[in-house]
Structure formats: structure tokens, C-alpha cells
Amino acid sequence: MNIHQELKYTKEHEWVKIEGNRVTVGVTDYAQEQLGDIVFVELPDVDDEIGTGDSFAVLESVKAAADVYSPLTGVVAEINEDLLDEPALVNSEPYGNGWMVVFEVEDVEAIEGLMTPEEYSQFVAEQE
Amino acid sequence: MENLNKTPLYQQHVDAGGKIVDFGGWALPVQYSGILEEIDAVRNRAGLFDVSHMGEIVVGGEKALDWLQSMLTNDIGRLVDGQVMYTLMCYPDGGVVDDLLVYRFNAQKFLLVVNAANAEKDWLWLQQHCWQGIQLENTSDTTAQLALQGPEAEAILQKITDIPLDQLGFFRFVHEANVAGRSCLISRTGYTGEDGFEIYCRPDVAAPLWEAIMEAGKDKGLLPAGLGSRDTLRFEANLPLYGHEISPEISPLEAGLGFFVKLKKEADYIGKQALIAQKEAGLKRRLRGLEMLDRGIPRAEYPVYNEAGDQIGVITTGSFSPTVGKNIANALMDTSYIEEGTTVLVGVRNRRLKAKVVKLPFYKREAK
């Protein structure tokens, strides 16, 4: 399993990259592995207001749909439109071109449940 | 996984990297390398499935044929020795007990192959309605089953059997075949819409047979294939799944399986009168194919609405279809909306997405 050192992680298997008040969110390598082949991604609209714990996107594999939950309260600043045509990017490049959404956040400190790479690695090991 | 039933191929699945899930009480692989890759293999080369969880019941006795005629909707009297037939078994009200394959060895001996999830229920139902002099034997625990499916299936299997497979017709079987030195039954049947074979054997020879077939298929691109791909393959080819397209509440006529329901058959089988009445009264709902026009994937149990917003049906199976390259579904719908080209709306979570009624099957392999 691939875990990037410069990112933070949530218990719902999202990765989070914080740059000032812009926060990029995607799902982890572990999550994409568990979901299997992603064939469809439903993303929010730009300017949507998302609350902590809300489902802001849906990843659909051949067999099932899985919600992606927001670890933060913020406004959608950017969505990765490439995923609409090429959902498999979530499988092939979960930390790169498979990113999902950029949020603009007022209170970066309030982001919930973030783990360091070491903590996330430990967390996943406990799930197995 | 400890409490689950395991097939004799469990270790093969684990060794091949299968992702094991609880499938109706059975520990079976949902996928190995990936569902899309496995679907591609079956459509273009070959895939090998473990379907040992299926149920098998042997029917014997002088009146075996007559009794089966009284239990099953298709005309079993048309079967010749060595032939297989798809049929349904119904309740008195026309709902479906199960769909199954009937193998005829001779007029006094048949094999029924039933769905794993229904095996126990079917067994009780058959016993309950059994006639004097009919012998029933549940051989599920002593039978393993492998399904080799795909355009290369014949070439692969031919490497390890002397049976001239090019002479084995569709829905025909050879009872005492020898595959890689093991005794088994081979039928030209399957659940994927591709050419292929189902191979029945004793549990103790299942693993060596699996290995021999995988070895024979190595240079043909054969992959082990899991239940995830099996479900999508059968759906693309419009093969029904019990509990989805057919059930105690959905009759075979509603499911579009009228071809396998012989209303004019002489024998008065269970459900016949109800099905005749249903046909005469006119069907109120009917299974149809949907193709999504808006972006989104329809899934089982999602509601279907007309453009005025009234619910007119429900999705029975839905998925992205890699072979067709579209998001498609089966839907059981009010017959006012089943004409090809009709636009309907599918409730996908909190949105209502446009879809249109299309012809089934979604996928049909080209004739040889």
C-alpha cells in the first residue's frame, strides 16, 4: 500500500493536502484498492457549500456506490473534471491526477480526524 | 470467513489473489485481478469460474419425466438424452421458486442444477411435491462445478480431453468425460453469454482440474474470474438473476421469460393456471432494458419515474457495462412505459436522471 508522506489522512480513507486555506481531497490507495475498478465519479458543483461529515462525492465501482465524506466545512473551489471522463484515474493515480475536489476553508484548524502518514498506516493495519 | 462454506477450490482462490467475500454463506472470490479485466478476458479470450456452490439434485424413477413435467414450466418432454434445458419452477400463484437447468441422462434419470441460495428451499419444495416411486438425491455436497467461458474455451478444454468438443452442441452434455485424467461431466452451457463449458466433478478432483485448465489456458490468456464479473457478464447478456429479475413476487412472464413457460403444455404444472390467467388478463408490468442518458449509474432497487414524477417501476439490476460502454439497467416497469425509446427518470440517490427504454439483450455475441 502506498502512503504519501506529505499528506494527512482521515478515518474515512481520504487524503488531505492543506495549502493555506485551499484544501485538496482525494481517496487513498487503500480505499481505491478496496473499491476495485472505479467506473463513475459523481462530484459536487463548484461553489457548493459542504459541511463536515457530509457526503460530497460518490465513487462507483462496477458493483457498488461508495460515498466520500468531507472532513471539513468549506466551499468547493475546484473539481477534477477529468474524473468524469476517466474515473479510473482514482485507481491508477489516487494521490495524483485522481484528486477529487479543492475546498476553500475558513478555519483550517477545524478539519477533523486528520492523521499523520504513520498514524494512518497504523489505522489501516488495524482494519485488516 | 471461518463460519462460511468453502468450496474445494478455496485454496486456489487465495493463492491466485482472489478477494474473498461472503456470498450467501459461501467464501468465494468476488474478483482476482479486477472485474473489468476479468470481463474482458471472458468476452475476448476465456475465464475460469468456480461455481461449486450451485446445488445439484438427481431425479430418478420410471415416472421421473412425468413428475418433472408437473413441477417445471418448460416442456421437459422435448429433451433428448444428453441435452440440457433452461426452465423455471413456480409457486401456485406464478411466482418463481427458482430457475434451473435440467440435464436428461435418460427418461428415468435427470440432473437439476439450481441456484446456491435456493438449494435448500428447492430441495424441500421438490420433496414436498414428490410422487411415490420418484427418487431424489441431493448431490450438492458431493459435486464441484467449474465454468470455463469465452471464445477460447473450446480450444483450451480440447487440449486436455479426448471428447471432440467441436461436435458438442450448445446445451448438450457428455456424461462420462475425461478431462486431464479425471472423470467428469461436461456441458456446453454457461451464464456469461459466451461460448463455454460447465464441468461437474467430485470435490476431490476439483483442484487438480482447476490447475490443469489454468495450465492449458496459459497461452490463450485465460484468467480466473470471480463472481463480480460473472454478475455483470450475465446481466449484459440478459440472463436473469434470482431475487432480481425473478422472485416469488415476479413471474417469469413479467420477466420476459415466456419462451421458457409452456402454457400449452399438456401437463398441469404448478403455477400454470395462474400464469395463463396472468397472460389473459394482460401483464401490468414488464422487464425492460434502460440506457442512461444522463451521467449516473442505476442500481438495483432504485425507483423509476415517469416525466410527471410518478413512480412507474424499479431497477432490478443496474451497472456500468464495460462491454457496451454504457450505464445500463433492467427495470420492472408499468407496461404503459415499455415502448422502445420512451424516456423515463431513474432516482439515483437525490437526483432524477434521464434514461431511455432500449431493446434487450444489451450484448449478444456474434454467431460463429
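Residues numbered from 1 in each chain as written. Chains lettered and ligands numbered in written order. Predicted model: local features only at pLDDT ≥ 70, side-chain atom pairs only at ≥ 80, totals over all residues. Heavy atoms only, no water.

A look at the overall build of chain B
Right, so step 1: In terms of regular secondary structure, chain B is built from eight helices and 20 strands.
Right, so step 2: Sequence separation of at least 24 residues holds for 65% of the intrachain contacts in chain B that already meet a minimum separation of 6.
Right, so step 3: When the accessible surface of chain B is split by element, carbon and sulfur atoms take 48% of a total near 15600 Å².
Right, so step 4: Of note, chain B has its 39 positive side-chain charges centred 5 Å away from the centre of its 48 negative side-chain charges. (Helix = DSSP H or I, 4+ residues; strand = E, 2+ residues; numbered from the N terminus. Contact = heavy atoms within 4.5 Å. Areas by Shrake-Rupley, 256 points an atom, 1.4 Å probe, with all protein chains shown as cover. Lys, Arg positive; Asp, Glu negative; His and termini not counted. Charge placed at Lys NZ, Arg CZ, Asp CG, Glu CD.)

Thoughts on the environment of P44(A)
Right, so step 1: Of note, P44(A) is situated in the loop between β4 (38-42) and β5 (49-50).
Right, so step 2: Residues in contact with P44(A), not counting those within four places in the same chain, are I50(A), F56(A), A57(A), V76(A), I79(A) and V101(A).

Here's the deal with the pattern of salt bridges
Right, so step 1: Applying the stated criterion to the full structure yields 22 salt bridges over all chains.
Right, so step 2: Between E152(B) and K220(B) there is a salt bridge, with its nearest N and O atoms 3.8 Å apart. With a gap of 68 residues between them, E152(B) in the loop between β10 (144-149) and α5 (153-158) and K220(B) in the loop between α6 (203-216) and β14 (222-224) connect regions that are remote in the sequence.
Right, so step 3: A salt bridge links K218(B) to E215(B); its shortest N-O distance comes to 3.3 Å.
Right, so step 4: A single salt-bridge network, built from bridges that share partners, covers E42(A), E60(A), R299(B), R349(B) and R351(B). (Salt bridge = Lys/Arg side-chain N within 4 Å of Asp/Glu carboxyl O.)

Some thoughts on the interface of chain A and chain B
Right, so step 1: With 16 residues of chain A at the interface, the matching set in chain B holds 18 residues.
Right, so step 2: Between chain A and chain B, roughly 1400 Å² of surface is buried when both sides are summed, and carbon and sulfur atoms account for 48% of that area.
Right, so step 3: On the surface where chain A and chain B come into contact, there are 16 residue pairs in polar contact (both at pLDDT 80 or more).
Right, so step 4: Of all the elements in the fold, those that place two or more residues in the side of chain A that touches chain B are α1 (29-35), β4, β6 (55-61) and α2 (82-85) of chain A.
Right, so step 5: For the side of chain A that touches chain B, the class distribution of residues is seven nonpolar, three polar and six charged. (Buried area = accessible area lost by both parts, 1.4 Å probe. Polar contact = N/O pair within 3.5 Å; in protein donor to acceptor, adjacent residues only side chain to side chain. Nonpolar A, V, L, I, M, F, W, Y, C, P; charged D, E, K, R; others polar.)

Considerations on a negative patch on the surface
Right, so step 1: Where like charges cluster on the molecular surface, the negative patch consists of E81(A), D82(A), E86(A) and E93(A).
Right, so step 2: In this structure, E81(A) sits in the loop between β8 (74-79) and α2. (Patch = residues over 30% accessible without salt bridge, like charges linked within 9 Å, V, L, I, M, F, W, Y side chains within 5 Å.)

Section: helix α3 (residues 64-71) of chain B
Right, so step 1: Among the eight residues in α3(B), seven count as buried, and that is most of the element.
Right, so step 2: Structurally, α3(B) contributes buried residues whose contacts are with β5 (55-60), β6 (83-90), β7 (96-106), β8 (109-114), α4 (119-128) and β9 (135-138) of chain B. (Buried < 20%, exposed > 50% of the residue type's maximum accessible area, 1.4 Å probe, protein only.)

Regarding the packing of aromatic side chains
All names here are of chain A.
Right, so step 1: Applying the stated criterion to the full structure yields 13 aromatic pairs over all chains.
Right, so step 2: Relative to Y120, the ring of Y9 lies with its centre 4.7 Å away and its plane at 10°, an arrangement referred to as stacked. Remark: Y120 occurs in helix α4 (residues 117-127) and Y9 occurs in strand β1 (residues 8-9); sequence separation between them is 111 residues.
Right, so step 3: The exposure class of Y120 is buried, given its relative accessible area of 0%.
Right, so step 4: Ring geometry for W15 versus Y95: centroids 6.3 Å apart, planes at 50°, classification tilted. Residue W15 is located in strand β2 (residues 14-19), and its partner Y95 is located in the loop between α3 (89-92) and β9 (101-104); the two are separated by 80 residues in the primary sequence. Accessibility classification places W15 together with Y95 in one group, the buried group.
Right, so step 5: Three or more aromatic residues link up through ring pairs in this structure, and these residues are Y9, W15, Y95, Y120 and F123. (Phe/Tyr/Trp six-rings, centres within 6.5 Å; stacked < 30°, edge-to-face > 60°.)

Some words on unusual backbone geometry
Right, so step 1: In this structure, the amide linkage connecting L360(B) to the following residue, P361(B), adopts the cis form with an omega of -5°.
Right, so step 2: Of note, D47(A) is a non-glycine position whose phi angle comes to about 85°, a positive value.
Right, so step 3: You can see D47(A) is positioned in the loop between β4 and β5.
Right, so step 4: Residue D47(A) is classed as exposed on the basis of its relative accessible area, which comes to 57%.
Right, so step 5: Unlike most non-glycine residues, F171(B) shows phi in positive territory, near 60°.
Right, so step 6: Looking at the element boundaries, F171(B) is found in the loop between α5 and β11 (173-179).
Right, so step 7: Look at F171(B) and you get buried, because its relative accessible area is 18%.

Taken by themselves, the reported measurements are silent on function.
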